[in-house]
Structure formats: structure tokens, C-alpha cells
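# Reading the structure
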Amino acid sequence: MEKVKIFLCQGCELGQKIDLEKLKKHFNSVSQVESIEILSALCDGAARERLAGVQGTLLFGACDERTHGVIFRELAGSNPHQLVNLRERCAWVHDDQTEATAKAQRLLSMGLAELSTRPPDQAEWELDLLHRVLVIGAGPAGLACVRALAEQGCDVTIIEKTNRLGGTLRRTRTVWPSGEDSEKLLHRLYNELQDELHVTVYQQTELVELTESLHGYRVKLSNDVEEEVGAIVVATGIREVGGNLFEFEYRWRDRGNFRGPMAFEVKENVHPFLLETALWDAVMLRHEKPEERIVFFVPESVVLPEGFKESAEKHNIEIIRGSIPGGVTGVTGVMSLRPERKLRVIVKMPRRGTGVTGWGGAIVKLGKLVGSLPEEIAQLLRIPMDTDGYLVQRRFRIRSRDVVHPGIFVVGGAHAPMPMEETINHAFVVAARIKAMFDAKSKRLPAAQIDEEACIGCGYCAAVCPYGAPILERTDTGHKARISPRFCTLCGLCIAGCPVFAIFDPIKSSETIRAQIESWGNS
Amino acid sequence: MKILGFTCDWAGFALDYAGMQRMSYSADITFINLRCSARFDMTDGVQALANGADGIFFALCPLGDCHYESGNHHAVSRINHFKELLQIAGLNPERIGFAHADTTDAVGLKNEIESFCSKIKEIGDLPSQVSDRPELVLRVAAMKRVASSEPVRWTLSKELELVRKGNVFDEKLDPQDYDTMIKHILREEYEKGLILENLKEPCSAVEVAQATGLGAHRVFELIVELERETRASFDRIEHERPLYVEVTDG
């Protein structure tokens, strides 16, 4: 064990609150310490001059890692170092000088213990990503993301489940809330895409297999193509269940004009996004047909979005609240907008005694919106889903909103329904993030490590990890766990729970914690 | 009085924040930073007791707000079972305390620390409570054995999974039943630990019973079980009494 050089900071009241000379006297007699020095401040130029060229293991007694960590990393250079927070954790919270000094001594000896037990820096895992991206889903989000990535010179492969590009955008008439024509927007995205050389498009293709590789992920597609990519973008969007608003918009766009009154039947579990979109449609219908009746049948349990009522009133759109026994009858399946076919909509509203009968028009059902990524593929990507099939954002506090695991991104509606503009902006943001990730120097990721000999393959770690980092593998000597460094956050849940102590933390190992406790007890 | 604190990185923010606002709290408490509170291992707690901690305090994120998904749920269950272990060992479980603190909740955390420190002051130092120190050492050694024993670790670790998610047959176990089971296992392992501590030298069941304060019948029962687990073995017969000894690895 190399001897440690300690540097103490005198600034920020540390000098007044803590008896630094006493500390110096104490640590001079500790065998582990080579020298101890008190500087007027560790964050100024004088300290930098003093520390230039200093070699060996360094221990700083100063302030917070989060606020001043960078300064100390710079000061230490390539030397192993440890920063002990004597400011917020000691000097600023304890008024009595003797007590504060005793605590500072305790903190410093715990720092020494941490330094002496820290394993050498070999446990980290280099992340040198391949500049190639796989985009799943060729909807607006996927197309926008592909375009932005291709513009920046990344190779992109885009796979689409159906045989046509465009996703939801292909089915809608106008874009909510900007009112832009969907077809125009799609063509804009699509035409820009065609000019790019770096893009490969596979239609009627799905992701079949995903394994980790050194430079990213190795993917296998259903058309037997195998590729290695540095990042994956999930842009699978949304799907309508129990409703036909998109169908209606598609036909409206396709056939143009229609005749007769309109009924929007709102289901109990309607997504507010659909309500907004339907109102937007209704307002545009009102502009086309100033005289026709447009009615929303809304169950009592549905809470209308803010401004919905006012906007409906303004455009003379009726809202009828109340439960409709048996629902709106008379129309089954997909409505028809053909003027020659008369539709009968019979609505029984016993509570009000009034109903709308004898309509020739259309009835649109507003149902649920769910995420459209199949569950198997979500499992493949190790992204958890909520009950509505949306991809749940994990560790949203630690990483930004679009990153699920390092290198896997979720864009647009796959998170939750969102307006088209937001979707496209989100796609651009993600593209920028991917590019930034590629351009950054290769990163080192620390991860928990498994002692293969000690591992009994009980599967505890694989079951408990919220990120799915440990994987159980069959080997010649029975099942063994393996931790994939990219998914590990090093939270320590598996480390503390392993029945046979087979997992260890390369940064703060159990030995370190034990040594810290011991040195705390001895001081 | 010495109190050891464990804090997760994010509750540690609140702690630093308290420092920035120059709040003052007792200097008896010293914190160790863990990345997540789920990193807390019962062995560390026992280690702290062995190193003279009069109290152990945990600062963790509010439930449902863990920065690692469910880490603090696991931590809380571990802490509660650690309290149970203390009770079984005849120590005051109030020596263990924890507080949930948001990253900015400096005032709340400071108040919790203050009240915990004053509570420990009331309860008193650990050695002064137990009449003779060697017995405390024995207890802590037995607790150490409990904390690192495989069945205990396994049942503790699996608790949330079996109670909340269900087992392979999709059966959810009753939380109270599971808790009772853990208590039972903790007690049994603790008693076994006490016995093993006394079996470092060949010793008869009656002598062990006298040393540990457990009934002779119970001791004999547990020794038989330990023999079956190959953790203890028959050594020789002396004065017409069989002597047993702990089996050490290698």
C-alpha cells in the first residue's frame, strides 16, 4: 500500500471551525500517511502550483464532490485521489470546535480506509460505439430521426413492420394541433429521406434477436439480416383500440366531402389525446358544414380536457353527457361516409328522454390509445411496459427522458401519445443525443462484477435487478450469472442481497465499507 | 456516544444541503455514502455494532421515489429485519432508525437526525446497558453469523419478489406469514450462531446451554441440526458426555 499525502483546505471557515493543527499532529503519527499539509485554499492558483508535479496517492480534506469535484480531479491529475467533505458534512454543521475536529478526524480516517481498499482501475468496461443506428418503426418519429441522423453522416437501418412507411401519419388527415396536412408532412419527411445515401430501409421486417456486443448491440432481423449497431431507436408509436377515429380521418381524407350529422361516441376509457384530436376534427367539420348537427356523447365518468366545453360551445358542437345503455346502436363496424348509404343512429337516453334518431351521417368511436410495440420485442429490448403498452421510462432521474439503457432510445408516441410537432422535435433531440454519444470519446462504464466460482446460480440477482443487468447463463458447471455492464447502474441491490457474496462493486466494495466502518470505530 | 449513518447518494444531497444552510446537528453521527440505500447489507450493520456503534441511522429517498426504482423498498425491509435481529439478540431495536428525505429536504432530514440522536442519548451507550461486555461480544458475533448465513440472506433478499410479484406458480405469499417465517429463521440462526460461537472448543450440550442461556433441550436439538448441516460435528466423549465442535472450512 502506497503512502498517502493529505492536503487540507483552510478556506470556507474550515480553518476556524476545525482545529487543523491538531489533525495534522494526529495524522503525522499514522503510519499510512506520508505527509500532511494545510493550504490556505485548495481551489486557488497557489494550490494548483503547489500540487503540480506531486506524485502519489492523494487525500483531500475540503468540500463537496458534487460542487468542487472537477477541481480536485484536475488537481490530482493521474494520481489516485479521494475527496473528503469536511465542509458540508462537518465544519458547517457543527458549532463546537472539539467535536468538529473529532468528527473531521473520523471522516479523514474513513477516507484513508477508502483509499487503501480501493481496487485498481481495471474493472471498467470500455464503450467504443459503432456509428450505426437501427431505427424500429417508420412512423413520423422514426422517419424524422432517421433523417436527422443521416444528415449527420450516421449509417441508419430502418425497419418497418408493415409494407408502407408513415405509420399513424398515413392514417390521419391533418396534424393536431398545427393543422398541417398529414400527407404533405409525410412527403416532406419521406422525400428528404430518399436523398440520403446512408439509409437502408427494410419493410415487413421485425427485430428478432438482440445481443450485446463490444461496440454496441448485435441485432438479427426477421429478413435474416444481421447487423451490429451502436444505438437503437424505438419509434413504434401508438395504436387505436376500440375506436375508429384514425379510420375516420383516413376515409375523410380519402373521400373528401360527406353529408349528414356527425356523432362522436366517447368510450369510458378514452385517451384525452383522442378527445382533443376529435374536437379538432369536429371544429374543422363545422367549418365545412355550418348547419349540420355535431354531437359528442360523453359518459359521466369521462373528465373533459380543459377548454373542451368552451371550444365546443363556440363552434356549436353539442355535448351530451350520460351513460348510454347498450351504447350508440344502429351502426356496427366501420362507418361509411358514402352519401348514398343512409345510416341510422338510434340513441336511447332514458335519463333525458331525448335522443337523436334518424341520422344520415357518421359515427366515430373514441376508444383507447395503446403503445404498438409487441411485448416480445419490448422484452428483447429489456424495456418495461405499462398496462397500456407504453414503454415505461426507467431511471428518468439519472438519465434524460429518452434514454432507456445506454444506447437504446425511445422516441415519440411509444412513450405516450403526444402532438405531432412534439414527436418530431423529440426525434431530432434523440438524433442529436445519439450523435453526441458517438462523438464523445470512448467511455468507461463501471459495473458490478461476479465471482464465477462463488456464484451458485440461484438467480436472485437476475430476478431482483430493475434494469435486467444480470443474466443467468448455463455453463458446464451449472447456471452462472453474468452482469452486462451496459445495463448495470451499480446501485448495489444485488451486491447486498447475494446469498453467497459473489457479486462485488469495483468502486466501493464491501471491503471498503467494512474498512470504513472499522476506521470509524477506531477513531 | 457514536452513531453511524448510512445515506444514499440522493439523500446525501439533502445532507449537503443542510450543510450549505449551516444547520447544526449532533457531531456524534458520521455518514457513509452508499450509492443506493439498497446497498446496505446486514453484515455492515453488525460490523458497525461490533465497532462500537450505539445507534445506526439510515437516510434514504422517499418510498416510490427511489432513483434506482425499488431500491429503498428493499432497504426498508432489510432495515426492519435488522431491527428484528437486534430484538432477538436482546438489544434495543430502537437503536436503528431511518428517515426518508427528498434531495432538497434538508430541514426534515436534520430534524430526523436530531431526534434520532437524542433518542439514542436517552437509550444510552451500548456497553453500559449490557452488564458484562464479553456477553455483548458473543451476541454480536452470533449476529454476524446470522447476517452472513445463506438461508437468512436468501429469504431476506427474496422477500419482496415472493410477496409482491409471486413465485414461479404466480402465487403471492402472505406478507405477514413471510415476516413470521423470517423472524423464525432469524431466531433459529441466531441461536445456532450462539451455539457455534461456544463450540470453537469441544464442548458438551449442557455447557453450551449454560453459556448461552438457552434450554439444554433446545441446544441439543439445534446441535443435531447443525450436525446434519455439517456445521458442527461430534468430537469425543468426556466424563460420559459427548462433546461437539464446530466444523471449519478446510
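None of these values were measured; they are calculated from a predicted model.

## Notes on the overall build of chain B
Each helix and strand counted, chain B has ten helices and seven strands in total. Over its C-alpha atoms, taken along the principal directions, chain B stretches across nearly 70 × 50 × 35 Å. Put simply, chain B has 250 residues, and 46% of those count as buried. Within chain B, contacts between residues separated by at least 24 positions form 71% of all contacts whose residues are at least 6 apart in sequence.

## Considerations on the overall build of chain A
The helix and strand inventory of chain A stands at 16 helices and 25 strands. Across the 523 residues of chain A, 43% fall into the buried class. Across chain A, every contact between residues at least 6 apart in sequence was considered, and the portion connecting residues at least 24 apart equals 68%.

## So, the interface of chain B and chain A
Taken together, the contact between chain B and chain A spans 38 residues of the former and 40 residues of the latter. Contributions of two or more residues to the side of chain B that touches chain A are made by α1 (9–20), β2 (29–34), α2 (42–50), α3 (71–88) and α7 (150–165) of chain B. Considered class by class, the residues forming the side of chain B that touches chain A number 16 nonpolar, eleven polar and eleven charged.

## A closer look at the sheet that holds strand β10 (residues 216–221) of chain A
Residue and element names in this part refer to chain A. The strand order β9-β10-β11 describes an open sheet built from three strands, whose pairing is antiparallel. Pairing within the sheet leaves two strands with one partner each, and these edge strands are β9 (207–213) and β11 (226–229). Across this sheet, the average inter-strand angle for adjacent strands is 25 degrees, counted without regard to direction. Examined bridge by bridge, β10 and β11 share four bridges and lie antiparallel to one another. Across the sheet, R218 pairs through a bridge with E228, a residue of β11.

## As for the sheet that holds strand β7 (residues 241–246) of chain B
All names here are of chain B. The three strands are arranged β5-β7-β6 in an open sheet whose pairing can be described as antiparallel. Each edge of the open sheet carries a strand with a single partner, namely β5 (203–204) and β6 (232–238). For β6 and β7, the ladder comprises six bridges, and the chain directions are antiparallel. Bridge pairing in β7 links A232 to E246. Across the face of the sheet, helix α10 (residues 216–228) comes into contact with β6 and β7 while running at roughly 120 degrees to β6.

## As for the nonpolar core
Core analysis: the largest hydrophobic core is formed by 135 residues, its most contacted members being B:A11 and B:L109. Per element, the largest residue contribution to this core is nine residues, and it comes from helix α6 (residues 97–117) of chain A. Counting 52 residues, the second largest nonpolar core, distinct from the first, contains A:A148, A:A378, A:I383 and A:A431.

## Brief notes about unusual backbone geometry
Residues and elements named next belong to chain B. If you check the backbone angles, D170 has positive phi at about 60 degrees while not being a glycine. With respect to the element layout, D170 can be found in the loop between α7 and α8 (175–198). Accessibility expressed as a C-beta count within 10 Å gives 7 for D170, which makes it exposed. Of note in the backbone geometry, H239 takes a positive phi value of approximately 50 degrees without being a glycine. Within the fold, H239 resides in the loop between β6 and β7. C-beta crowding within 10 Å serves as the criterion here: with 6 such atoms nearby, H239 is assigned to the exposed category.

## Observations regarding helix α9 (residues 205–212) of chain B
All names here are of chain B. Taken as a whole, α9 has its buried residues at A205, V208 and T212. Mapping the buried residues of α9 onto a view down its axis gives an arc of 60 degrees, with all of them on the same face. Close packing links the buried residues of α9 with α8, β5 and α10. Two residues or fewer after α9 comes G213, characterised by a positive phi angle close to 85 degrees.

## A few points about the pairing of β2(B)
On a regular strand, one side chain projects to one face of the sheet and the next to the other, so that they alternate. Residues and elements named next belong to chain B. β2 sits mainly inside the fold: six of its six residues count as buried. Across the two faces of β2 the burial is the same, with I29, F31 and N33 and T30, I32 and L34 all buried. As for the winding sense of the linkage, the β-α-β connection from strand β1 (residues 3–8) through α1 to β2 is right-handed.

## Considering the packing of α8(B) against α10(B)
Residues and elements named next belong to chain B. Running from amino to carboxyl end, α8 crosses α10 at an angle of 85 degrees, the nearest separation of the two axes being 10 Å. As judged from the angle between their axes, α8 and α10 are roughly perpendicular. For the pair α8 and α10, contact is made by E191, K192 and I195 and by V219, L222, I223 and L226, respectively. Residues belonging to the contact of α8 with α10 are distributed by class as follows: five nonpolar, no polar and two charged.

## Some thoughts on the environment of A:P80
Residue placement: A:P80 occurs in the loop between α4 (65–76) and β4 (81–85). With eleven residues separating them along the chain, A:P80 and A:G69 place their C-alpha atoms 14 Å apart.

## So, the packing of α3(B) against α8(B)
Residues and elements named next belong to chain B. Their axes nearest at 10 Å, the elements α3 and α8 cross at an angle of 45 degrees. Accordingly, the angle class assigned to the pair α3 and α8 is oblique. Considering the relative orientation of α3 and α8, their crossing is right-handed. Across the interface between the two elements, H81, E84, L85 and I88 from α3 touch I182, K183, L186, R187 and Y190 from α8. The residue inventory of the contact of α3 with α8, partitioned by class, reads five nonpolar, one polar and three charged.

## Side note on the confidence of the model for chain A
On average, residues of chain A carry a pLDDT of 80, and 85% of them reach 70 or more. Low pLDDT, under 50, characterises residues 329–360 of chain A; the stretch is placed with 55 contacts to residues that sit more than four places away or in other chains.

## Focus: helix α7 (residues 140–151) of chain A
Residues and elements named next belong to chain A. With twelve residues, α7 should reach 16 Å at 1.5 Å per residue; the first-to-last C-alpha distance of 16 Å fits that figure. Taking burial as the measure, the twelve residues of α7 include eleven buried ones, the bulk of the element. Considered for burial, the residues of α7 that qualify are P140, A141, G142, L143, A144, C145, V146, R147, A148, L149 and A150. Packing partners of the buried residues in α7 comprise β6 (132–136), β7 (155–160), α8 (182–194), β8 (199–203), β12 (231–234) and α13 (420–439). Positive phi shows up at G153, right after α7, with a value of about 90 degrees.

Definitions and limits used
Residues numbered from 1 in each chain as written. Chains lettered and ligands numbered in written order. Predicted model: local features only at pLDDT ≥ 70, side-chain atom pairs only at ≥ 80, totals over all residues. Helix = DSSP H or I, 4+ residues; strand = E, 2+ residues; numbered from the N terminus. Buried ≥ 20, exposed ≤ 12 C-beta atoms within 10 Å, placed from the backbone. Contact = placed C-beta atoms within 7 Å. Nonpolar A, V, L, I, M, F, W, Y, C, P; charged D, E, K, R; others polar. Pairing = 2+ DSSP bridges. Axes fitted to C-alpha atoms, helices over the stretch in contact; angles between N-to-C directions. Core = buried A, V, L, I, M, F, W, Y, C linked by C-beta atoms within 7 Å. Arc of directions from axis to C-beta. Right-handed = clockwise from strand over helix to strand, strands pointing away. Parallel < 35°, antiparallel > 145°, perpendicular 65-115°, else oblique. Left-handed = near helix turned anticlockwise from the far one by under 90°. pLDDT = per-residue confidence, 0-100. Expected span 1.5 Å × (residues − 1).

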